[in-house]
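Summary of structural features
So you can see what is in the structure, the chains are spelled out below.
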Amino acid sequence: MANKVTLTYNGDQTIELPVLPGTLGPSVVDIRAFSKTGMFTFDPGFLATSSCESKITFIDGDEGQLYYRGYPIEQLAEHSDYLEVCYVLVYGELPNAAQKVEFEKTVMKHTMVHDQLTRFFNGFRRDAHPMAMMVGVVGALSAFYQDSLDINDPEHRKVAIYRLISKIPTIAAMCYRYNQGLPFNYPKNELSYTANFLHMMFSTPCENYTPNPVLVRALDRIFTLHADHEQNASTSTVRLAGSSGANPFACIAAGIACLWGPSHGGANEAVLKMLDEIGSVDNVPAFMEGVKAKTHKLMGFGHRVYKNFDPRAKIMKQTCDEVLNELGLRDDPQFQLAMKLEEIALSDPYFIERKLYPNVDFYSGIVLTALGIPVSMFTVIFALARTVGWISHWNEMISDPGMKIGRPRQLYTGAKRRDYVAVTDRK
Ligand code: CMC
């Protein structure tokens, strides 16, 4: 394989650009020297651009492969658990038995938030969207944990990483409880990470709550499947924010803001809203006509990278079956409607030609609903799970001595230079 490409420009001038191989996936053309030509490259939406070098997550969109630190997502979803996946993403290796225990102990020991932070919520309206509260409260962590803001100190970075993984479920559950007008639940550190989250969401002072192990496992899988996904929009946002030297809590708040959009983390919420709008199986044909006329999209379908199948969707579909069986919800009309949409879309030439398949969010919304989690919390759950991915990428970037502030250029197509006209002389 060629290890450089030669570009000809301005007729007869040439420039050689090195080709860098990865351990997996396509090689990349290193265009850093390209600016010598006096031009820039143009790639809105980053369709052909690698924004960084990373050792964390690998995706092969054509083959439907997703690896965290080299471990296939299918193996992690079956044999591992979310906290172990967090360890793998942060440290790059599976923990040995002692490391696993120590990691779990440390994370679970730091689940409480500063008591003053609980008062922060009172400033929000009760009907505030939980993602609006997440952006604000997670950003505010930088005002509470000022002893872990020195990004150049590896110990500060480690403490911030643990704090974020430990406290994000507590804050997420508080957003829900505040919406509901329910008292906040303190974490119970003897529970597993995921069972504790369900406890903080659903326990009341009046009744005992024992998380159902099948549902705990299903939610833990949702966390695992959402833990990282290479250089997606929110991860790139975290990296860009972090490249200026901003503190980790502020960077994660930036990631949460980006995740909120319906083309990214807001999609599972959009799937449920879409199912509500369609209403019944009888309305599916008319809805599909609207999709083909581009009046609306089939939410939960399509992906920028997966053009064959989304490996997370396969696992999620299986989890969906397990949960619906456990709860006796197989005949649930909403689930039946989702299955009808899936069936039609998978056999319709519009979707086949465009390689549009169900993505993870098509099924995760159904599972979350079955778990009793309201639609407005779906993207919060995604943010909770993705925090470890964001912070691992942030840490990888900050640890790189060659880190540069992210500063793209543009193709300017606005007005040429012109002189200011006094207001009295304007037409
Ligand atoms: N329903 C109907 N048509 C679609 C859809 C859809 N969900 N997604 C793409 N298309 C069409 C699109 O209109 C275009 O058609 P044409 O070639 O005739 O112009 C073609 O497929 C290619 O689409 P694109 O917009 O160029 O693809 P993209 O890679 O820019 O967009 C996407 C990827 C995920 C934003 C898009 O598929 C989408 O909006 N899907 C629905 C939202 C969704 O489910 N998002 C969750 C993604 S998975 C979670 C995550 O990782 O964040």
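Before reading on, note that the structure itself is shown above.
This write-up is about the structure you can find in this document. (Residues numbered from 1 in each chain as written. Predicted model: local features only at pLDDT ≥ 70, side-chain atom pairs only at ≥ 80, totals over all residues. Heavy atoms only, no water.)

Considering the overall build of the protein chain
Rules: Every helix listed is a DSSP run of H or I at least four residues long, and every strand listed is a run of E at least two residues long, numbered separately from the N terminus. For a compact globule the rule gives 2.2 Å times the number of residues to the power 0.38, and the radius of gyration it is set against comes from C-alpha atoms. The buried label applies to any residue whose accessible area, calculated with a 1.4 Å probe on protein chains only, is under 20% of its type's maximum; exposed applies above 50%, and partly exposed to all values in between. Should any heavy atoms of two residues lie within 4.5 Å, those residues are counted as being in contact. For the area figures, the Shrake-Rupley method with a 1.4 Å probe applies, and any residue is considered shielded solely by the protein chains shown. Under the counting rule used here, the positive set is Lys and Arg, the negative set is Asp and Glu, and His together with the chain ends is not counted. Charge positions are represented by NZ for Lys, CZ for Arg, CG for Asp and CD for Glu.
Along the backbone of the protein chain there are 17 helices and 6 strands. Over its C-alpha atoms the protein chain spans a radius of gyration of 24 Å, differing by no more than 12% from the 22 Å that the globule rule assigns to 427 residues. With the C-alpha coordinates aligned to their principal axes, the bounding extent of the protein chain is approximately 80 × 65 × 55 Å. Out of the 427 residues in the protein chain, the part that is buried amounts to 46%. Once local pairs closer than 6 in sequence are excluded, the contacts in the protein chain between residues at least 24 apart make up 71%. A total accessible area of about 21900 Å² is found for the protein chain, and carbon and sulfur atoms account for 53% of it. One way to put it: in the protein chain the 42 positive side-chain charges average out to a point 7 Å from where the 46 negative ones average out.

Observations regarding the packing of aromatic side chains
Which entries qualify depends on this criterion: In this analysis, rings of Phe, Tyr and Trp, with Trp reduced to its six-membered ring, are considered paired at centre separations within 6.5 Å, and the interplanar angle assigns stacked below 30 degrees, edge-to-face beyond 60, and tilted for intermediate values.
Scanning the entire structure with this criterion turns up 20 aromatic pairs. With a centroid separation of 5.7 Å and an interplanar angle of 40°, the aromatic rings of Phe58 and Tyr67 are classed as tilted. Residues Phe58 and Tyr67 agree in their burial class; the two are buried. Taken together, the ring pairs connect Phe120, Phe121, Phe124, Tyr178 and Phe184 into an aromatic cluster.

A short note on the pattern of salt bridges
This is how the line gets drawn: By definition here, a salt bridge exists when the distance from a side-chain nitrogen of Lys or Arg to a carboxyl oxygen of Asp or Glu is within 4 Å.
Applying the stated criterion across every chain, the model contains 19 salt bridges. Of the charged contacts in the structure, one is a salt bridge between Glu269 and Lys273, with a shortest N-O distance of 3.0 Å. Here Lys273 and Glu269 lie together in helix α11 (residues 267–278), a separation of 4 residues that amounts to about one turn. Exposure remark for Glu269: the relative accessible area of 9% places this residue in the buried category. The residue Asp310 makes a salt bridge to Arg312 at a minimum N-O spacing of 3.0 Å. Neither Asp310 nor Arg312 differs from the other in exposure class; each is buried. Via salt bridges that share partners, Asp81, Glu84, Lys100 and Glu104 belong to a single interconnected network.

Some words on unusual backbone geometry
For Asn10, which is not glycine, the phi dihedral falls at a positive 50°. Of note, Asn10 is situated in the loop between β1 (4–9) and β2 (13–20). Although it is not a glycine, Glu230 sits at a positive phi angle of roughly 60°. Along the chain, Glu230 falls in the loop between α8 (213–226) and α9 (233–243). A relative accessible area of 26% places Glu230 in the partly exposed class.

Some thoughts on the packing of helix α6 (residues 154–180) against helix α17 (residues 378–399)
Stated formally: Axes here mean lines fitted to C-alpha atoms, for a helix over just the part in contact, with angles spanning 0 to 180 degrees between N-to-C directions. In these notes the angle categories are as follows: under 35 degrees is roughly parallel, over 145 is roughly antiparallel, 65 to 115 is roughly perpendicular, and the rest is oblique. Throughout this entry, Asp, Glu, Lys and Arg are counted as charged residues, while Ala, Val, Leu, Ile, Met, Phe, Trp, Tyr, Cys and Pro are counted as nonpolar. The remaining residues, Gly among them, count as polar.
In the contact formed by α6 and α17, the axes pass within 9 Å of each other and the chain directions differ by 170°. The pairing of α6 with α17 is recorded here as roughly antiparallel in orientation. Listed contacts from α17 to Arg157, Ile161, Leu164, Ile165, Ile168, Pro169 and Ala172 of α6 are Val380, Leu384, Thr387, Val388, Ile391, Trp394, Asn395, Ile398 and Ser399. Considered class by class, the residues forming the contact of α6 with α17 number 12 nonpolar, 3 polar and 1 charged.

A closer look at the pairing of strand β4 (residues 57–60)
Test applied: A pair of strands is treated as paired once DSSP finds two or more bridges between them.
Examined bridge by bridge, β4 and strand β5 (residues 65–68) share 4 bridges and lie antiparallel to one another. What sits directly across from Ile59, in β5, is Leu66. Joining the antiparallel neighbours β4 and β5 is a turn of 4 residues, in which Gly64 adopts a positive phi near 70°.

Focus on the sheet that holds β1
Taken in spatial order, the 3 strands line up as β1-β2-β3 in an open sheet, and their pairing is antiparallel. The open sheet has two edge strands, β1 and β3 (28–29), and neither has a second partner.

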